[in-house]
Each structure stands twice: as C-alpha cells, then as structure tokens.
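If you want the building blocks of each chain, they are given just below.
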Amino acid sequence: MNGTQANQIRSLLLQAADAIDRANTIVSTLDSDDRALLSTALDEISSALHFELLQKLYLRYPALAEEGQDWDGAAA
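Residues numbered from 1 in each chain as written. Predicted model: local features only at pLDDT ≥ 70, side-chain atom pairs only at ≥ 80, totals over all residues. Heavy atoms only, no water.

Asks: Looking at this structure, I do not really get the confidence of the model for the chain. What am I missing?
Replies: Should the pLDDT be low somewhere, the predicted coordinates at that spot are not to be read in detail. Per-residue confidence for the chain gives a mean pLDDT of 88, with 87% of residues at or over 70. Throughout residues 69-76 the model reports pLDDT below 50, and contacts reaching past four residues in sequence, or to other chains, amount to 16 contacts. (pLDDT = per-residue confidence, 0-100. Contact = heavy atoms within 4.5 Å.)

Have a look at this one:
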C-alpha cells in the first residue's frame, strides 16, 4: 500500500464512519426492541472501524492522522 492508496482508504473509512453515525442517530429513535436489535452491532462496527482499521492506518501513515484528527469527518 502506498500513501495515495492509504489516503483513499482513509477517506472511504471516514465516509463509512459518518454513515454509521447517521444510522445510529436513526436507531436511537426506534422503539426499544428495534434499537436493541441494531445498536450493539453498529457500536461494534464503529469500534472496529475507529480502533482497528483507522488506528492501523494511522500507525503506518502518521501524516494521515494529522490531516484529520476528528474521525467524524469534520476536519477531514
């Protein structure tokens, strides 16, 4: 993987994180049964995305972490 590919992957992962955040917003408005059905899985996906995928990418390419420290895409 080169820097360009890493940047493309980072961009897509941040877009996915934003989509998961939007889904969580909707899930939070559901009744308790539906919320319970979806919220745990969304939280697990979000954790894996942030603390496994992005973290590994940032460890290999530290400059990417400096470009956008807000993982919600605000500074990305």
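Asks: Honestly, the environment of Ile45 in this entry has me stumped. Any pointers?
Replies: Within the element layout of this structure, Ile45 appears in helix α2 (residues 32-60). For Ile45, a relative accessible area of 46% puts it in the partly exposed group. In this structure the C-alpha to C-alpha distance between Ile45 and Ala16, which are 29 residues apart in sequence, comes to 9.9 Å. (Helix = DSSP H or I, 4+ residues; strand = E, 2+ residues; numbered from the N terminus. Buried < 20%, exposed > 50% of the residue type's maximum accessible area, 1.4 Å probe, protein only.)

Asks: What exactly am I supposed to notice about the nonpolar core here?
Replies: Nonpolar side chains in soluble globular proteins tend to end up buried together. In terms of nonpolar packing, the biggest core is built from 13 residues, with Ala6, Leu49, Leu54, Tyr58 and Leu64 touching the most fellow members. For this core, the elements supplying multiple residues, two or more each, are α1 (3-27) and α2. Counting residues per element, this core draws most heavily on α1, which supplies six residues. Ignoring anything within four residues of it in the chain, the contact list for Ala6 reads Met1, Leu57, Tyr61 and Leu64. (Core = buried A, V, L, I, M, F, W, Y, C linked by side-chain atoms within 4.5 Å.)

Asks: So what exactly am I meant to see when it comes to the environment of Ala17 here?
Replies: With respect to the helices and strands, Ala17 occurs in helix α1. On a C-alpha basis, the gap between Ala17 and Leu49 in space is 7.2 Å, while along the polypeptide they are 32 residues apart.

Asks: Would you take a moment to explain α1 for this structure?
Replies: Each full turn of the α-helix corresponds to 3.6 residues, which orients residues three or four apart in the same direction. Its 25 residues place the ends of α1 35 Å apart at the C-alpha level, agreeing with the 36 Å of an ideal helix rising 1.5 Å per residue. Buried within α1 are the following residues: Ala6, Arg10, Leu13, Leu14, Ala17, Ile20 and Val27. (Expected span 1.5 Å × (residues − 1).)

Asks: Can you walk me through α2 in this structure?
Replies: In this model α2 runs 40 Å from its N-terminal to its C-terminal C-alpha over 29 residues, within 8% of the 42 Å that 1.5 Å per residue would give. The largest bend along α2 reaches roughly 30° and is located at Leu54. What α2 keeps buried is the set Leu42, Ser46, Leu49, His50, Leu54, Leu57 and Tyr58. Between a side-chain oxygen at the N-terminus of α2 and the backbone nitrogen of Asp33 the separation is 3.2 Å; the capping residue is Asp31. (Bend = angle between axes of the 7 residues up to and from the residue. Polar contact = N/O pair within 3.5 Å; in protein donor to acceptor, adjacent residues only side chain to side chain.)

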